[in-house]
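Overview (structure and organization)
The chain contents come next:
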Amino acid sequence: MTNQTSSSPLLVLDKRGTLLFVLSNGQQVPLKFSTLPTRDGVAREAIRIGGGTKGQSPAEIAKAIEMYVDAFRTVDAEGKTVRPFRGFVWSGGTINLDDAGAFKQDMVTVIPSIISRNYPCLSGGSTPKTADLALSPEGRLIVDMYGTTIDTGMHVELIVQPDAANVLDWDGDLPMYLTQMEGWKDIGVKVAEIVRNGGAITRKEIYESLRRGIPVLLERGSGRETDAFIAAFESGDWTLTAAEERAKALKIDDAEARKAKIEEVDAIVAECKDTLARSDRGLISIFGTAVELRAALLARGFLN
């Protein structure tokens, strides 16, 4: 069903290609970005897709991407598209390259651009600057020390930095994008966070979204912190929460340092417990198929 090889979105936002913004701390998100879900002809819907793919095979990742793209439409009895997604979908803005220099489809961050190749919607990404920006010999914009580049299949990309001279950690764009989602929600834009797999940053995305009243849709069986949250939500099992940090802490040789690190992990779990206890459980949806994700989106007013 999906057209994952096309390089261009169905809609044209700027004929030159992907709009690129660089946002320093203390600056306002550019209006051309912040008004995307309220543009004429665009549905007032903004969906953020977060998480990861760690521990999954290429076949599993491809199947997950297909599921997400399939879910972003309503269908008739024969499975034909009745209403495609027409809002704004975004994620992290990075993408990996293969040995031949072509875009790979091995990260959650590629899903928005693929969705916008299939449906008349807008796609975008936000990325923290974790190293000095660089240009590859081919002209690709590199945002970290590992050669990760910006996905030019998106309509818009926003790089977040403290200032021109300094860098952020990998979660450096979270405050900006969650505040933006919250702001959209406050003016009547339908918003949701969809997560799968993921580690510590994904855990922050889940719980901070709930603190801000943003609905969270979680992919069951995708692994790591997403499944950890589902276990805590459904059965009160917190053993999987921050399990990766706990495993690292237990390997520390020095007894005092190990004890201190374990206490840090315990504090993380305690904070997560407190947040879930205080949260509106109606904000939480769990899905495992395209049909279930579509139903969750429809129940929250999307795709209408």
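For the structure, see preceding data.
Below: a short report on this structure. Here the structure is a predicted model, which is why all the values come from computation and not from measurement. (Residues numbered from 1 in each chain as written. Predicted model: local features only at pLDDT ≥ 70, side-chain atom pairs only at ≥ 80, totals over all residues. Heavy atoms only, no water.)

Moving on, we get to the sheet that holds strand E11 (residues 156-161). On the basis of which strands lie adjacent, the open sheet formed by 8 strands has the order E1-E11-E7-E5-E2-E12-E13-E14 and parallel pairing. The outermost strands of the open sheet, each flanked by one partner alone, are strand E1 (19-24) and strand E14 (284-287). Between one strand and the next, the sheet's axes are offset by a mean angle of 20°, whatever the strand orientation. In terms of strand pairing, strand E2 (residues 45-51) meets strand E5 (residues 88-92) through 3 bridges, oriented parallel. Looking at E5, one finds that arginine 48 is bridged to tryptophan 90. Here helix H2 (residues 58-71) sits on the sheet and contacts E2, strand E12 (190-196), strand E13 (216-219) and E14; the angle it forms with E12, its principal contact strand, is near 165°. (Pairing = 2+ DSSP bridges. Helix = DSSP H or I, 4+ residues; strand = E, 2+ residues; numbered from the N terminus. Axes fitted to C-alpha atoms, helices over the stretch in contact; angles between N-to-C directions. Contact = heavy atoms within 4.5 Å.)

With the rule as written, the count across this model stands at 10 aromatic pairs. Between phenylalanine 229 and phenylalanine 233, the aromatic rings sit 6.1 Å apart at their centres with planes inclined by 10°, giving stacked as the arrangement. Taken together, the residues span about one helical turn, with phenylalanine 229 and phenylalanine 233 both in helix H6 (residues 224-235) at a distance of 4 residues. Here phenylalanine 229 matches phenylalanine 233 in class, with each residue buried. Grouped by ring-pair contacts, the aromatic residues Phe33, Phe88, Trp90, Tyr177 and Trp184 constitute a single cluster. Across from the ring centre of tryptophan 90, 4.5 Å away, lies the NZ or CZ of arginine 48, which sits over that ring. (Phe/Tyr/Trp six-rings, centres within 6.5 Å; stacked < 30°, edge-to-face > 60°. Buried < 20%, exposed > 50% of the residue type's maximum accessible area, 1.4 Å probe, protein only. Lys NZ or Arg CZ within 6 Å of the ring centre and 35° of its normal.)

Take the nonpolar core next. Within soluble globular proteins, side chains that are nonpolar generally end up buried alongside one another. One finds Ile49, Phe72, Phe85, Ile115, Ile194 and Leu297 to be the most contacted residues of the largest nonpolar core, which totals 29 residues. Listed by contribution, the elements that provide at least two residues to this core are E2, H2, helix H3 (111-118), E12 and helix H9 (290-299). Other than its neighbours up to four places away in sequence, phenylalanine 85 contacts Glu45, Ile47, Phe72, Ile115, Tyr119, Pro120, Cys121 and Leu303. With 24 residues, the next largest nonpolar core counts Leu19, Leu36, Val160 and Val189 among its residues. (Core = buried A, V, L, I, M, F, W, Y, C linked by side-chain atoms within 4.5 Å.)

Any functional reading would require information beyond the geometric quantities listed.
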